[in-house]
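So the chains spell out like this:
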Amino acid sequence: TGEVVMKLKTLLWIGAALVTIPFASGCAYDCTAVGCFPGIEVALVPSVSSTYDVELVLDGVVDAFTCIKTEDRWSVGDSTEGVLSFGCDGFGFRLEATPETLGISVAAQDGSWTGSISESPDYRFYQPNGAKCDGAYGCDQAELTVPKG
């Protein structure tokens, strides 16, 4: 039993050291905007299996792009206003914009999928380092779904 107690004490000491090191180094309290991507994540439900066109109206400004499906890859054509980021795929796309009003129309070029919405996105303020950074480092994010139909 003495050996078991010694092993437990060693494990507790190692665990305490692992918890203490990040706090002592200051890493746990750094406030940065790294990992913060303002914008809207748009999901297409159900997913689209072929090339599709997207038409956007962001606070009255019109934009459009094509999400291109080749054999096993997705790529994006240029958007006229440059609000698309991180590409697209059959599950959706991400907009690097935070409009007050947004209209989205999606149409598969083969006619298999169409859908549209018109919304005022409900943004949440995302803080990648938590609330301890008092709002100085963060970004507005929203999620929207465009249903088929």
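Data block above holds the structure.
As the structure is a computational prediction, the values presented were derived from the model and not from experiment.

Undergrad: Give me the lowdown on the environment of E41, citing residues and values where you can.
TA: The topology assignment puts E41 in strand 1 (residues 39-45). Excluding residues within four positions of it along the chain, E41 makes contact with F93, R94, A142, E143 and L144.

Undergrad: Mind laying out the pairing of strand 3 (residues 61-69), listing which residues take part and the relevant values?
TA: Pairing geometry for strand 2 (residues 52-58) and strand 3, over seven bridges, is antiparallel. Bridging across to strand 3, D53 finds its partner in T66. Counted between consecutive antiparallel strands, the loop separating strand 2 from strand 3 contains two residues, among which D59 sits at a positive phi close to 50°. As judged from the three bridges shared by strand 3 and strand 4 (residues 74-76), these two strands associate in the antiparallel manner. If you follow K69 over to strand 4, its bridge partner there is W74. The antiparallel hairpin formed by strand 3 and strand 4 contains four residues in its connecting segment.

Undergrad: Lay out the sheet that holds strand 2 with the relevant residues and their values.
TA: Read from one edge to the other, the open sheet built from five strands follows the order 4-3-2-7-8, with strand pairing classed as antiparallel. Every other strand in the sheet has two partners, leaving strand 4 and strand 8 (114-119) as the edge strands with one partner each. Going across the sheet, the axis of each strand differs from the next one's by a mean of 15°, ignoring polarity.

Undergrad: Quick one: what's the story with unusual backbone geometry, residue by residue and with numbers?
TA: Each neighbour pair has its own omega, and for V45 with P46 the value is -10°, a cis peptide bond. Along the chain, the position of P46 falls in the loop between strand 1 and strand 2. Of note, D59 is a non-glycine position whose phi angle comes to about 50°, a positive value. Among the structural elements, D59 can be located in the loop between strand 2 and strand 3. A relative accessible area of 44% means that D59 is categorised as partly exposed.

Undergrad: I'd like a description of the environment of G115, backed by residues and values.
TA: Positionally, G115 belongs in strand 8. The buried category is assigned to G115, whose relative accessible area is 9%. For the pair G115 and P147, spaced 32 residues apart in sequence, the C-alpha to C-alpha distance is 5.7 Å. When residues no more than four places from it in sequence are discounted, the contact partners of G115 are I104, S105, V106, V146, P147 and G149.

Undergrad: Quick rundown of the side chain of T51? Include the residues and the values.
TA: Of note, T51 is situated in the loop between strand 1 and strand 2. At a separation of 2.9 Å, a polar atom in the side chain of T51 contacts the main-chain amide nitrogen of K69. Those residues within four positions of T51 in sequence are excluded, and the remaining contacts are T66, C67, I68, K69, A108 and Q109.

Undergrad: Break down the state of the cysteines for me, with residues and values.
TA: Inspection of every chain in the model, using the stated rule, returns two disulfides. Here C36 connects covalently by a disulfide to C139, the sulfurs 2.0 Å from one another. The disulfide joining C36 to C139 has a torsion of about -105° about its S-S bond and is therefore left-handed. Residue C36 is found in the loop between helix 1 (2-25) and strand 1, and its partner C139 is found in strand 10 (residues 139-147); the two are separated by 103 residues along the sequence. The same class applies to C36 as to C139, namely buried. Covalent S-S linkage joins C67 and C88, the inter-sulfur distance amounting to 2.0 Å. On the S-S bond that ties C67 to C88, the torsion sits near 105°, and the link is right-handed. Linking C67 in strand 3 with C88 in strand 5 (residues 84-89), this pair joins segments that are 21 residues apart in sequence. With respect to burial, C67 and C88 carry one shared label: buried.

What counts, and at which threshold
- Residues numbered from 1 in each chain as written.
- Predicted model: local features only at pLDDT ≥ 70, side-chain atom pairs only at ≥ 80, totals over all residues.
- Heavy atoms only, no water.
- Helix = DSSP H or I, 4+ residues; strand = E, 2+ residues; numbered from the N terminus.
- Contact = heavy atoms within 4.5 Å.
- Pairing = 2+ DSSP bridges.
- Axes fitted to C-alpha atoms, helices over the stretch in contact; angles between N-to-C directions.
- Buried < 20%, exposed > 50% of the residue type's maximum accessible area, 1.4 Å probe, protein only.
- Polar contact = N/O pair within 3.5 Å; in protein donor to acceptor, adjacent residues only side chain to side chain.
- Disulfide = S-S within 2.5 Å.

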